[in-house]
Amino acid sequence: MPQDLPAGPKSTTAKYWRKPLDADTVKVPHGEIHIVVNRCKGCLFCVEYCPREVLEISEDFNVKGYHFPEVSKDDACVNCGLCEMLCPEFAIFCVLDEEEGGGEG
Amino acid sequence: MTKEATLEPELSHPMDDLLRMDRIPHIWCPTCGLGTVVTAFASAIEKLQLGLDDITVVSGIGCTGRVAGYVKIDSFHTTHGRAIPFATGLHLANPKLKTVVISGDGDLISIGGNHFIHAARRNVDLTVICVNNFIYAMTGGQVAPTTPLTANASTMPYGNFEQPFSIPYLADSCGAVYVARWSALHVRRLVTAIAEAIAKPGFSVVEVISPCSTLYSRRNRLGSGLDLMRFYHDNCEIKHGADTRELAIGFQEKITVGKFIDRDRPTFVESMNNWYGKVFGDEYEPYEGSVK
């Protein structure tokens with residue numbers, strides 16, 4: 001049976017089949033996503049490939065007329081940085097949230 | 001009014017230090033993979049902890065050729081196909097500098113094909129990042145020597161019937177010491193590959209399969225660059241050390257990616273110093289560059 005465990009500070013989506021032995025000590029890092037909205041060209045690489053599905057497409061337009069990404073589940077970001085790596089426009093980046101995420105754990 | 005003059009207008013991206021911000025936003029189309037390749041290159045520099053004065057970028061002409069104009073390190077935007085000869089001269093003048101050629105398949109393999117094979121043969125200490133989007137993208141979608149069979153191009157309106165080059169096979173058979181292929185989606189592995197290629201003495205080649213939404217994808221009705229990324233996600237097969245003869249890419253067929261070749265051969269400068277050292281004995285002073 002999968003059980004929901006408090007694996008990290010706010011990782012609401014984490015599900016485990018078995019509780020990891022060090023679940024109490026390991027802190028899942030938490031990242032804060034920054035989006036430079038007006039650089040975005042709406043390729044949606046970040047939305048498609050975010051492993052925690054943190055981002056979604058905004059209904060608004062930026063100055064270029066593209067739909068930019070928006071953070072929908074701020075809690076779920078684990079600061080993996082894949083959105084930052086994939087973004088071809090240098091428009092999104094993650095910063096480790098020291099207070100909440102507790103760094104490397 | 002758009003919502004986002006409001007969010008965080010003055011945000012500074014960590015990449016901004018490495019980019020010529022007066023030229024950003026770049027001209028690459030939405031869903032083009034080139035920006036991702038630039039990020040991967042920057043991450044590789046960071047990973048190797050190279051100073052920005054230790055490295056130089058040479059590009060030819062084309063969409064990928066514009067990389068040289070966007071990175072804030074010493075960079076040269078050369079004539080069409082001549083990125084490698086230019087980089088060879090640069091390397092010979094100052095062999096301590098890490099010289100990286102970032103250019104496209106049309107520039108490096110077609111027009112610069114002869115330079116590519118001879119630089120590989122001589123094992124000049126260069127790193128070549130060849131971004132392969134299967135077509136001449138900037139000039140209007142003409143057929144390139146890497147366009148897969150049956151794919152449509154503006155000069156092949158009924159489909160391509162010319163056998164394409166397989167870049168890893170070409171590089172391997174000409175004597176490159178490091179050959180890898182990744183897609184723009186495999187960013188982490190791409191960073192590792194670029195870092196390994198830069199650190200490797202000798203002619204190293206990293207082929208990056210990158211989506212071209214405006215020409216290759218549109219002409220072949222493959223959707224956007226995002227659809228091509230999904231295609232890479234589903235169809236790239238990682239096979240390290242694969243036989244380079246089996247790496248040909250068919251139209252919308254499986255793409256084999258991985259690190260194929262990692263071997264050691266004396267570089268051009270090493271061979272020259274060894275040979276002249278033997279011929280002239282102590283009279284010969286080994287060449288270490290003309291820039292002190």
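These figures come from a predicted structure and were not determined experimentally.

Engineer: Pulling in residues and values, what's your account of the overall build of chain A?
Structural biologist: Within chain A, the regular secondary structure consists of 3 helices and 6 strands. Helices and strands in chain A line up, N terminus first, as β-β-β-α-β-β-α-β-α. A separation of at least 24 residues holds for 55% of the contacts in chain A among residues at least 6 apart in sequence. For chain A, the accessible surface area stands at approximately 5700 Å², while carbon and sulfur atoms represent 53% of it.

Engineer: Can you tell me about the pattern of salt bridges, naming the residues and giving the values?
Structural biologist: Residues and elements named next belong to chain B. In the structure shown here, the tally under the stated rule is 12 salt bridges over all chains. Asp264 is the salt-bridge partner of Lys200, the closest N and O atoms lying 3.0 Å from each other. Of the two residues, Lys200 is situated in the loop between α7 (187–199) and β6 (204–209) and Asp264 in the loop between β8 (255–262) and α10 (268–280); the sequence distance between them amounts to 64 residues. Assessed through its relative accessible area of 12%, Lys200 is described here as buried. Residue classification places Asp264 among the exposed residues on the basis of a relative accessible area of 68%. Residues Asp262 and Lys259 are paired through a salt bridge, measuring 3.4 Å at the closest nitrogen-oxygen approach. Judged by its relative accessible area of 41%, Asp262 is partly exposed.

Engineer: So what about the layout of surface pockets? Which residues, and what values?
Structural biologist: Volume-wise, the largest pocket comes out at about 540 Å³. In this structure, the largest pocket is lined by 21 residues; those nearest its centre are Glu84(A), Pro14(B), Ala42(B), Ser43(B) and Glu46(B). Secondary-structure elements contributing two or more residues to the lining of the largest pocket are α2 (82–86) of chain A together with α1 (34–48) and α7 of chain B. For the lining of the largest pocket, the element with the highest residue contribution is α1(B), accounting for 6 residues.

Engineer: Give a description of empty space enclosed by the protein that names residues and reports values.
Structural biologist: Residues and elements named next belong to chain B. Under the counting rule described, the total for this entry stands at 5 cavities of 30 Å³ or more. When its volume is computed, the largest cavity comes out at roughly 150 Å³. Forming the walls of the largest cavity are 16 residues, and the residues nearest its centre are Ile61, Gly62, Cys63, Tyr136 and Ala137. It is helix α4 (residues 105–111) that provides the largest number of residues to the lining of the largest cavity, a total of 3 residues.

Engineer: Now, about the nonpolar core: what can you tell me, with residues and values included?
Structural biologist: Residue and element names in this part refer to chain B. Membership of the largest hydrophobic core comes to 70 residues, with the highest contact counts inside it found for Phe41, Ile129, Ile194 and Tyr232. Apart from the residues lying within four places of it in its own chain, the contact partners of Ile129 are Val37, Phe41, Val100, Val101, Ile102, Ser103, Leu108, Ile194, Val206 and Val208. Judged by nonpolar contacts, the second largest core, of 26 residues, contains Leu126, Ala171, Val179 and Ile261.

Engineer: Got a sec to walk through a nonpolar patch on the surface? Specific residues and values, please.
Structural biologist: A grouping of Trp275(B), Tyr276(B), Val279(B) and Phe280(B) is seen on the molecular surface, where their side chains present a nonpolar patch of about 430 Å² in accessible area. Within the element layout of this structure, Phe280(B) appears in helix α10.

Engineer: Break down the interface of chain A and chain B for me, with residues and values.
Structural biologist: Accessible area lost on assembly of the parts is the figure often given for the size of an interface. Contacts between the two partners involve 33 residues from chain A and, on the opposite side, 38 residues from chain B. Both sides of the chain A and chain B interface together cover about 2800 Å² of buried area, and 64% of this is carbon and sulfur. For the chain A face of the interface with chain B, the top three residues by lost area are Tyr49(A), Met85(A) and Phe90(A), together amounting to 27%. Where chain A touches chain B, the interface holds 2 salt bridges. Here Asp16(B) and Arg39(A) are joined by a salt bridge, their closest N and O atoms 3.1 Å apart. For the pair chain A and chain B, the interface holds 11 residue pairs in polar contact (both at pLDDT 80 or more). Breaking the side of chain A that touches chain B down by element, the ones donating at least two residues are β3 (31–35), α1 (45–49), β4 (55–61), β5 (67–71), α2 and β6 (92–96) of chain A. Tallying contributions element by element places α2(A) first for the side of chain A that touches chain B, with 4 residues.

Engineer: Before we move on, can you summarise the confidence of the model for chain B with the specific residues and values?
Structural biologist: Mean pLDDT for chain B: 92, with 96% of residues reaching 70 or above. Taken as a whole, residues 1–8 of chain B scores under 50 in pLDDT and shows 15 contacts with residues more than four places along the chain or in a different chain.

Engineer: Explain the pairing of β3(A) residue by residue, including any values.
Structural biologist: Residue and element names in this part refer to chain A. Counting buried positions along β3 yields 4 of 5 residues, so the element is predominantly enclosed. Pairing of β3 with β6, which is carried by 5 bridges, proceeds in the antiparallel orientation. Within β6, the position partnered with Glu32 by the bridge is Val95.

Engineer: Explain the packing of α1(B) against α7(B) residue by residue, including any values.
Structural biologist: Residues and elements named next belong to chain B. The N-to-C vectors of α1 and α7 enclose an angle of 55°; their axes lie 8 Å apart at closest approach. By the angle class used here, α1 and α7 are oblique. In this structure, α1 meets α7 at a crossing whose hand is right-handed. Contacts between α1 and α7 pair Thr36, Ala40, Phe41, Ser43, Ala44, Lys47 and Leu48 from the former with Val187, Leu190, Val191, Thr192, Ile194, Ala195, Ile198 and Ala199 from the latter. Here the contact of α1 with α7 is composed, by residue class, of 11 nonpolar, 3 polar and 1 charged.

Procedures and definitions
In every chain, residue numbers begin from 1 and rise along the written sequence. Just so you know, chain letters begin at A and ligand numbers begin at 1, following the order they were written in. In view of the model being predicted, local features appear only for residues whose pLDDT reaches at least 70, and side-chain atom pairs are presented and counted only at 80 or more, with totals across whole chains, interfaces and linings using the full set of residues. To get the side-chain values, take all heavy atoms of the structure and skip hydrogens and water. Labels follow the DSSP assignment, with helices taken as runs of H or I lasting at least four residues and strands as runs of E lasting at least two, numbered in each case from the N terminus. Only heavy atoms enter the contact rule, under which two residues are in contact if any of them lie within 4.5 Å. Under the convention used here, a 1.4 Å probe and the Shrake-Rupley method define accessible areas, while residue burial counts only the protein chains that appear. Salt bridges, as used here, are contacts in which a Lys or Arg side-chain nitrogen is within 4 Å of a carboxyl oxygen on Asp or Glu. Whether a residue is buried, partly exposed or exposed follows from its accessible area with a 1.4 Å probe, protein chains only, as a fraction of its type maximum: under 20%, in between, or over 50%, in that order. Buriedness for pockets is judged along seven lines, at least five of which must meet protein on both sides within 12 Å for an open set on the 1 Å grid over protein atoms alone, while cavities are sets there where a 1.4 Å probe fits but cannot get out, and lining residues have an atom within 4 Å of a point. Grid points are joined across faces, edges and corners, and a volume is the space filled by probe spheres set on the points. Only buried residues count toward a nonpolar core. Its members are Ala, Val, Leu, Ile, Met, Phe, Trp, Tyr and Cys residues joined through side-chain atoms within 4.5 Å. Residues with no salt bridge and a relative accessible area higher than 30% make up the patches, which join like charges within 9 Å and nonpolar side chains (Val, Leu, Ile, Met, Phe, Trp, Tyr) within 5 Å. Values labelled buried area give the accessible surface lost by two parts on being combined, using a 1.4 Å probe and summing over both. Two N or O atoms form a polar contact when they lie within 3.5 Å of each other; inside protein one atom must be a possible hydrogen donor and the other a possible acceptor, and for residues adjacent in sequence the pair counts only when both atoms belong to side chains. pLDDT is a per-residue confidence score from the predictor, ranging from 0 to 100. Pairing between two strands requires that DSSP report at least two bridges joining them. The convention used is that axes are lines fitted to C-alpha atoms, helices contributing only their stretch in contact, and that angles between N-to-C directions extend from 0 to 180 degrees. When an angle is under 35 degrees it counts as roughly parallel; over 145 it counts as roughly antiparallel; between 65 and 115 it counts as roughly perpendicular; any other value is oblique. The handedness criterion is simple: a crossing whose near helix is rotated anticlockwise from the far helix by less than a right angle is left-handed, and one whose near helix is rotated clockwise is right-handed. For this classification, Asp, Glu, Lys and Arg are treated as charged, while Ala, Val, Leu, Ile, Met, Phe, Trp, Tyr, Cys and Pro are nonpolar and the rest, including Gly, are polar.

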